[in-house]
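What follows is the residue order along each chain.
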Amino acid sequence: GGIITQTPKFLIGQEGQKLTLKCQQNFNHDTMYWYRQDSGKGLRLIYYSITENDLQKGDLSEGYDASREKKSSFSLTVTSAQKNEMAVFLCASSIGVNSDYTFGSGTRLLVI
Amino acid sequence: QQQVRQSPQSLTVWEGGTTVLTCSYEDSTFNYFPWYQQFPGEGPALLISILSVSDKKEDGRFTTFFNKREKKLSLHIIDSQPGDSATYFCAAGNYNQGKLIFGQGTKLSIKP
């Protein structure tokens, strides 16, 4: 079986800092996603990538950059962390676009 | 932004009872509706999914119902167990054509 690994598991940053979250999968899945999870707001799509070097914006892309240098990895950058921001960032992958997702366990972000 | 609305936000059910979670969506072109289950500290995991050509899908104690005319779906859990305590997300999208939109989630607690 495969696995999705997100690093780091916990991330504490300072206001205005640029922060990078990483995601690796060994399913050989084509599509990868970054979602943000806030309490009471569900999961909101930040970026997704259909194939290597492809990037598609989601509804929450402002304030974020993403990079898909190779099929197995997808990185997300918070360009300027906002004070008091607290959320879980979830990476997922799927064989096609919108087929069944497999999620990683998340990166928990706190900005002080 | 397309909406997927999920209710209730939280729910407590006695062990052995039946749990019912509901969702509604707006986009009539959506044809794929998965439900995800998330335990604390983990990413969501696919529980059950249904395509719009069906109105019911069953997997053990879990059944999802789909009503195309009303644009509603529901998840029923019979003989609810304490191990079912988790957060449940419904989602909607076009299979193999686009991104999933998630509901806000329902935090379910099963009391022994």
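Residues numbered from 1 in each chain as written. Chains lettered and ligands numbered in written order. Predicted model: local features only at pLDDT ≥ 70, side-chain atom pairs only at ≥ 80, totals over all residues. Heavy atoms only, no water.

Draft legend 1. How the structure looks around the environment of F103 of chain A. Relative to the elements of secondary structure, F103 of chain A occurs in strand β10 (residues 102-103). The spacing of F103 of chain A and Q25 of chain A is 78 residues in sequence and 9.8 Å in space, taken between C-alpha atoms. Once you skip the residues sitting within four places of it in the chain, F103 of chain A turns out to touch I4, Y35, L43, L90, C91 and A92 of chain A together with Y36, G43, P44 and F102 of chain B. (Helix = DSSP H or I, 4+ residues; strand = E, 2+ residues; numbered from the N terminus. Contact = heavy atoms within 4.5 Å.)

Draft legend 2. Representation of unusual backbone geometry within the structure. For the peptide bond that leads from T7 of chain A to P8 of chain A, omega is -5 degrees, which places it in the cis range. Its location among the elements puts P8 of chain A in the loop between β1 (4-7) and β2 (10-13). Following S7 of chain B, the chain continues to P8 of chain B via a peptide bond in cis, the omega torsion being -5 degrees. Of note, the phi angle at N53 of chain A is positive, near 70 degrees, even though the residue is not glycine. Relative to the assigned elements, N53 of chain A resides in the loop between β5 (42-49) and β6 (56-57). N53 of chain A sits in the exposed class, given a relative accessible area of 61%. (Buried < 20%, exposed > 50% of the residue type's maximum accessible area, 1.4 Å probe, protein only.)

Draft legend 3. Quick peek at the side chain of S49 of chain A. Residues and elements named next belong to chain A. Tracing the sequence through the fold places S49 in strand β5. Overall, S49 belongs to the buried group, its relative accessible area being 0%. There is a polar contact of 2.7 Å between the side chain of S49 and the backbone oxygen of D54. A distance of 2.9 Å separates polar atoms of two side chains, one belonging to S49 and the other to R68. Those residues in contact with S49, other than ones at most four positions away along the chain, are D30, T31, M32, D54, R68 and F74. (Polar contact = N/O pair within 3.5 Å; in protein donor to acceptor, adjacent residues only side chain to side chain.)

Draft legend 4. Geometry of the sheet that holds strand β6 (residues 56-59) of chain B. Residue and element names in this part refer to chain B. Taken in spatial order, the five strands of this open sheet run β1-β3-β8-β7-β6, and their pairing is antiparallel. A strand with exactly one partner marks an edge of an open sheet, and here the two such strands are β1 (4-7) and β6. When the angles between neighbouring strand axes are averaged without regard to direction, this sheet yields 15 degrees. Across six bridges, strand β3 (residues 19-25) lies against strand β8 (residues 72-77) in antiparallel orientation. Considered in β8, the bridge of V20 is made with H76. (Pairing = 2+ DSSP bridges. Axes fitted to C-alpha atoms, helices over the stretch in contact; angles between N-to-C directions.)

Purely geometric numbers; function is a separate question.
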